[in-house]
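# Structural overview
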Amino acid sequence: MQNISITIITGLSGSGKSTALDAFEDAGYYCVDNMPVALLPKFLEMPVQTSSELTGLAFVMDLRESAFVSQSGEIFTALKQKGYDIEILFLEADEDVLIQRYSQTRRHHPLADDKGLVEGIRDEKSQLQRLRKAADRIINTSRKTIHDLKSLVFTMVQQNASQRTMRINIMSFGFKYGIPHDADIIMDVRFLPNPHFVEALKNLDGTAENVNNYILNNEIAKIFLDKFLALIDFLVPQYKSEPKAYLTIAIGCTGGYHRSVAVARNIYTHLTGKHPSVAITHRDKANA
């Protein structure tokens with residue numbers, strides 16, 4: 001794993017470490033929360049059985065583990081000397097903001113048992129000072145929303161040479177089987193000519209060339225496809241900048257067998273020449 005990006009997310013409790021970890025996961029990182037620092041060297045020696053498109057590794061480590069402060073400096077230094085690409089991301093927030101967040105969520109601060117919330121926050125800040133100085137990047141989340149923090153994490157990931165682009169899934173479906181709830185964009189193509197009523201075509205699906213020609217080789221279909229592809233070309237960069245890890249474009253007809261399949265295939269062909277991570281699924285074709 002020496003050639004993969006490793007991010008250690010640490011910092012003050014209540015500063016947004018869980019939100020940051022969620023954003024790293026959405027960006028294609030393999031993520032572990034509350035990772036014991038002493039186990040990190042052993043973990044990095046293990047093969048991670050996951051996709052070859054893995055962007056990196058991200059671990060949240062903090063004072064929930066009592067040995068973290070005393071052991072982290074030596075372990076991180078040793079791993080860097082072995083050639084591991086480790087970046088320490090330190091999150092913090094102003095004291096009044098942390099107090100407000102804990103008051104709103106009613107969560108328990110890890111160091112507030114005997115001394116109260118304020119003293120717990122101050123004690124944690126003191127214990128983490130050395131690690132803060134060693135951090136590669138410090139983010140103060142006091143004035144940042146969850147969306148702001150996630151956007152910032154995505155920007156960090158995109159600066160990495162091994163960045164992972166938004167994955168686009170083109171899906172055909174039949175309205176008679178229900179609308180796909182995970183779709184971001186849904187287009188109804190039931191206005192196009194239906195091969196179901198043509199005896200020679202009704203038993204062929206939308207992947208057949210003569211079915212595709214019947215559906216799309218007419219003036220209305222050509223105008224629709226030109227306009228819809230132009231809309232998608234406009235929208236995809238907007239979704240990427242949101243940012244999103246996945247974009248699902250669902251194309252529906254009555255049964256999900258002819259028209260939606262043909263249109264979805266044309267959209268897939270159009271996008272594969274422009275974007276590196278595009279997939280296609282035909283949800284209901286087998287139901288016909």
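Model, not experiment: these values are computed from the prediction.

Between two aromatic rings, the relevant description is the distance of the centres plus the angle of the planes. If you walk through the whole model with that rule in mind, you get 6 aromatic pairs. Judged by centre distance (6.1 Å) and plane angle (40°), the rings of Y30 and F43 are tilted. Here Y30, found in strand β2 (residues 29-32), pairs with F43, found in helix α2 (residues 40-45); they are 13 residues apart in sequence, far enough to count as distant. On the basis of relative accessible area, Y30 is assigned to the partly exposed category, the value being 33%. Here R190 stacks its cationic end above the ring of F175, 3.8 Å away from the centre of that ring.

On to the pairing of strand β3 (residues 56-60). Counting buried residues along β3, 5 of its 5 residues qualify, which places the element largely inside the surrounding structure. Burial along β3 is two-sided: the residues G56, A58 and V60 and L57 and F59 are all buried. Note that strand β1 (residues 5-11) and β3 share 5 bridges and pair parallel. Bridge pairing links I9 to V60 in β3. Here β2 pairs with β3 via 4 bridges, running parallel. For Y29, the partnering residue across the bridge sits in β3 and is G56.

This brings us to the side chain of E92. Within the secondary structure, E92 sits in strand β4 (residues 85-92). Here E92 falls in the buried class, since its relative accessible area comes to 12%. In terms of polar contacts, E92 uses its side chain to reach the side chain of R132, at 2.7 Å. The contact partners of E92, leaving out residues within four places of it in the chain, are L12, S15, R132, I138, I139, N140, T141 and S142.

Among all positions of helix α1 (residues 17-26), only K17, T19, A20, L21, A23 and F24 are buried. Buried-residue contacts for α1 involve β1, β2, β3, β4 and α7 (146-158). The positive-phi residue at the C-terminal boundary of α1 is G28, with phi of around 100°.

The residue S5 is located in strand β1 in this model. In this structure the side chain of S5 is engaged in a polar contact, spanning 3.4 Å, whose partner is the side chain of Y29.

Spatially, the 4 strands line up as an open sheet ordered β7-β8-β6-β9, and their pairing is parallel. With one partner strand each, in any of the chains shown, β7 (185-188) and β9 (278-282) form the two edges of the open sheet. Strand-to-strand, the axes of this sheet are offset by a mean angle of 15°, without reference to chain direction. For strand β6 (residues 167-174) and strand β8 (residues 246-253), the ladder comprises 8 bridges, and the chain directions are parallel. Bridge pairing links G174 to C253 in β8. Contacting β6, β8 and β9, helix α10 (residues 259-272) crosses the sheet at an angle of about 170° to β9.

The phi dihedral of N34 falls on the positive side, at around 55°, and the residue is not glycine. Along the polypeptide, N34 turns up in the loop between β2 and α2. Given the relative accessible area of 33%, N34 is considered partly exposed.

This part covers the environment of S5. On the basis of relative accessibility, which here comes to 8%, the residue S5 falls in the buried class. Expressed as a C-alpha distance, the spacing of S5 and D26, which sit 21 residues apart in the sequence, is 15 Å.

Within a sheet, each strand pairs with its neighbour through backbone hydrogen bonds, oriented either parallel or antiparallel. Across the sheet, which stays open at both edges, the 5 strands sit in the order β2-β3-β1-β4-β5 with parallel pairing between neighbours. Both outer strands of the open sheet, β2 and β5 (137-140), are each paired with one neighbouring strand and no more. Pairwise comparison of adjacent strand axes, ignoring direction, gives a mean angle of 20° for this sheet. Of the strands in this sheet, β1, β2, β3 and β4 touch α1, which is tilted by about 165° from β1. Lying on the sheet, α7 is in contact with β2, β4 and β5; it crosses β5 at an angle near 160°.

In this model, α7 (13 residues) spans 18 Å end to end at C-alpha, consistent with the 18 Å of a helix rising 1.5 Å per residue. Buried residues of α7: L149, V153, F154, M156 and V157, and no others. The arc enclosing the buried residues of α7, seen along the axis, measures out at 155°, which places them on a common side. Those residues of α7 hidden inside the fold are in contact with α1, β2, β4 and β5.

So, how was this worked out
Each residue is numbered by its place in its chain's sequence as written, counting from 1. Reporting in this predicted model follows two pLDDT cut-offs: at least 70 for local features of residues, and 80 or more for side-chain atom pairs to be given and counted; totals over whole chains, interfaces and linings ignore these cut-offs and use all residues. Hydrogens and water are ignored here; the side-chain numbers use all heavy atoms of the structure. Side-chain rings of Phe, Tyr and Trp (the six-membered ring for Trp) are treated as a pair once their centres are within 6.5 Å; stacked means planes under 30 degrees apart, edge-to-face means over 60, and tilted covers the remaining angles. Only DSSP runs of H or I with at least four residues qualify as helices, and only runs of E with at least two residues qualify as strands; both kinds are numbered from the N terminus onward. Whether a residue is buried, partly exposed or exposed follows from its accessible area with a 1.4 Å probe, protein chains only, as a fraction of its type maximum: under 20%, in between, or over 50%, in that order. Either the NZ atom of lysine or the CZ atom of arginine qualifies as a charge over a ring when it sits within 6 Å of the ring centre and within 35 degrees of the ring normal. Any two strands with at least two DSSP-identified bridges between them are counted as paired. Two N or O atoms form a polar contact when they lie within 3.5 Å of each other; inside protein one atom must be a possible hydrogen donor and the other a possible acceptor, and for residues adjacent in sequence the pair counts only when both atoms belong to side chains. Contacts are assigned to residue pairs with any non-hydrogen atoms lying within 4.5 Å of each other. Structural elements are reduced to axes, namely lines fitted to C-alpha atoms, with helices fitted over the stretch in contact, and the angle between N-to-C directions of any two is expressed from 0 to 180 degrees. By this rule the span expected of a helix is its residue count minus one, scaled by 1.5 Å. Working definition: the arc comes from the directions between the helix axis and the C-beta atoms, pointing outward to the latter.

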